[in-house]
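# Residue-level structural notes
Listed below are the residues making up each chain.
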Amino acid sequence: MRHDVTFPLYVEVDEIYNLACPASPVHYQFDPVQTTKTSVHGAINMLGLAKRTRAKIFQASTSEVYGDPEVHPQPESYWGKVNPIGPRSCYDEGKRCAETLFFDYRRQHGMNIKVARIFNTYGPRMHPNDGRVVSNFIVQALKGEPITLFGDGTQTRSFCYVDDLIDGFLKLMDMPADFTGPVNLGNPGEFTMIALAQKVKAITGSSSPLVHKPLPVDDPKQRQPDITLAREALGWQPIVSLDEGLTKTIAYFDRLLAAK
Ligand code: UDP
Ligand code: UDP
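This report concerns the structure included in the present document. (Residues numbered from 1 in each chain as written. Chains lettered and ligands numbered in written order. Predicted model: local features only at pLDDT ≥ 70, side-chain atom pairs only at ≥ 80, totals over all residues. Heavy atoms only, no water.)

Across a sheet, strands are paired by hydrogen bonds formed along the backbone, either parallel or antiparallel in direction. Strands sit in the order 1-2-3-8 across an open sheet of 4 strands; the sheet is parallel. The outermost strands of the open sheet, each flanked by one partner alone, are strand 1 (15-18) and strand 8 (183-185). Taking the axes of each pair of neighbouring strands and ignoring which way they run, one obtains an average angle of 25 degrees across the sheet. Bridge count for strand 2 (residues 56-62) against strand 3 (residues 113-118) is 6 bridges, and the pairing is parallel. Bridge assignment links Ser 61 to a residue of strand 3, and that residue is Arg 117. Helix 5 (residues 162-173) rests against strand 1, strand 2, strand 3 and strand 8 of the sheet, and its axis sits at about 160 degrees to strand 3. (Pairing = 2+ DSSP bridges. Helix = DSSP H or I, 4+ residues; strand = E, 2+ residues; numbered from the N terminus. Axes fitted to C-alpha atoms, helices over the stretch in contact; angles between N-to-C directions. Contact = heavy atoms within 4.5 Å.)

Right under this line is the structure:
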């Protein structure tokens, strides 16, 4: 079924995964009003659906609730440092408001909610024009085009391979009703964007030059999940290293570009 989550949906279900929302900055900033509506109206409609059907409901929240963090690595107890009126706010504040709605529906209606805070994730079947850093660097390296480093490239991110993330979703959904999260799901391995570009170049064997482009407004300087809670409560931790995950993702894009 194709459906816009900002409109009500009447179906009979017993589990809901609310993953709706563009997650790449270029895509979520293209129509920022719609991005906030997707997170806020979307959460209200899916929570309404879960309330009526008594379904268990999962929310894809984000490390962006921590904004440009002053606590490092970020535990779930950190409230974050988010600009409420900048170009990233439609995503960050939309997802923060969705968390508020989830916890208020739980307090008011006793619902079975599961909130995951997802850190940067990548893997095969990303769109070549996704716009996020891993797919950009891989496509640029494979095409022999310049690799675009935003700013000086010393900012960091922690990248989780998609299979590890999905395993975390399933473990979280299987938890008893008294476990709500929020729980961080991400890979604690932290890399600068320069290091990521070098890894992509090394694995692809590309001779693409590195070029610098302006740093986007409010771009977080560092990000690394504290996954103590996921380890202890869910018995979950990522097992795919960045090198292994990049190798699989590069093989995917190589086939995709060759087929074109
Ligand atoms: N809703 C939905 N599907 C359902 C039940 C509710 O899309 O099966 C929507 C409904 O349109 C409402 C929202 O979810 O606007 C919130 O539902 P809730 O029952 O919490 O609020 P109420 O209907 O009381 O305003
Ligand atoms: N970035 C980059 N080159 C690109 C795309 C992104 O250097 O072509 C940087 C971006 O400025 C940020 C990091 O890579 O510091 C991760 O960006 P992404 O858009 O993947 O996700 P974010 O974590 O910012 O939401």
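Right, let's talk about the site of ligand 1 for a bit. Around ligand 1 sit Pro 8, Leu 9, Tyr 10, Ile 44, Asn 45, Gly 48, Leu 49, Lys 51, Arg 52 and Tyr 105, and that is every residue in its neighbourhood. Contact with the protein chains hides 65% of the accessible area of ligand 1, taken as 520 Å² for the molecule alone. (Near = heavy atom within 4 Å. Areas by Shrake-Rupley, 256 points an atom, 1.4 Å probe, with all protein chains shown as cover.)

Here we take up the site of ligand 2. Every one of the 17 residues lining ligand 2 counts as a neighbour, but Val 133, Thr 148, Phe 150, Arg 157 and Asp 219 are closest to it. Here an oxygen atom of ligand 2 sits 2.8 Å away from a polar atom, N or O, in the main chain of Phe 150. Contacts to ligand 2 include Gln 155, whose side-chain N or O atom sits 3.0 Å from an oxygen atom. When ligand 2 sits alone it has 520 Å² of accessible area, and the protein chains cover 96% of it. (Polar contact = N/O pair within 3.5 Å; in protein donor to acceptor, adjacent residues only side chain to side chain.)

All right, on to the pattern of salt bridges then. With the rule as written, the count across this model stands at 12 salt bridges. The closest approach of N and O atoms between Glu 99 and Arg 117, which form a salt bridge, is 2.7 Å. Within this pair, whereas Glu 99 is found in helix 3 (residues 89-109), its partner Arg 117 is found in strand 3, the two being separated by 18 residues in sequence. For Glu 99, a relative accessible area of 9% corresponds to the buried category. Assessed through its relative accessible area of 8%, Arg 117 is described here as buried. Connected via shared salt-bridge partners are Glu 64, Arg 88, Arg 157, Asp 219 and Arg 223. (Salt bridge = Lys/Arg side-chain N within 4 Å of Asp/Glu carboxyl O. Buried < 20%, exposed > 50% of the residue type's maximum accessible area, 1.4 Å probe, protein only.)

This structure, assessed with the given rule, holds 8 aromatic pairs. Measuring from centroid to centroid gives 5.2 Å for Tyr 252 and Phe 253, while their planes differ by 75 degrees, and the two rings are edge-to-face. Considered together, Tyr 252 and Phe 253 belong to a single accessibility category, that of buried residues. Cluster of aromatic residues (ring-pair linked, three or more members): Tyr 17, Phe 58 and Phe 169. (Phe/Tyr/Trp six-rings, centres within 6.5 Å; stacked < 30°, edge-to-face > 60°.)

Moving on: the pairing of strand 3. In terms of burial, strand 3 is largely enclosed, as 6 of its 6 residues are buried. Covered by surrounding structure in strand 3 are Ile 113, Val 115 and Arg 117 together with Lys 114, Ala 116 and Ile 118, the residues of both alternating faces. The pairing of strand 3 with strand 8 spans 3 bridges and is classified as parallel. Its bridge partner being in strand 8, Arg 117 is matched across the sheet by Asn 184.

Let us look at the packing of helix 6 (residues 193-204) against helix 8 (residues 242-259). How two helices sit against one another is set out by the angle between their axes and by the gap between those axes. Look at helix 6 against helix 8: their axes get within 10 Å of each other, and the N-to-C directions meet at 55 degrees. Taken together, the axes of helix 6 and helix 8 lie oblique to each other. Seen from above, helix 6 lies across helix 8 with right-handed handedness. Of helix 8, the residues touching helix 6 (which contributes Leu 196, Lys 199, Val 200, Ile 203 and Thr 204) are Leu 242, Asp 243, Leu 246, Thr 247 and Ile 250. Here the residues of the contact of helix 6 with helix 8 sort into 6 nonpolar, 2 polar and 2 charged. (Parallel < 35°, antiparallel > 145°, perpendicular 65-115°, else oblique. Left-handed = near helix turned anticlockwise from the far one by under 90°. Nonpolar A, V, L, I, M, F, W, Y, C, P; charged D, E, K, R; others polar.)

Take the environment of Lys 51 next. Checked against the element boundaries, Lys 51 lands in helix 2 (residues 32-53). On the accessibility criterion, Lys 51 (44% relative accessible area) is partly exposed. Setting aside its immediate chain neighbours within four residues, Lys 51 contacts Tyr 105, His 109 and Met 111.

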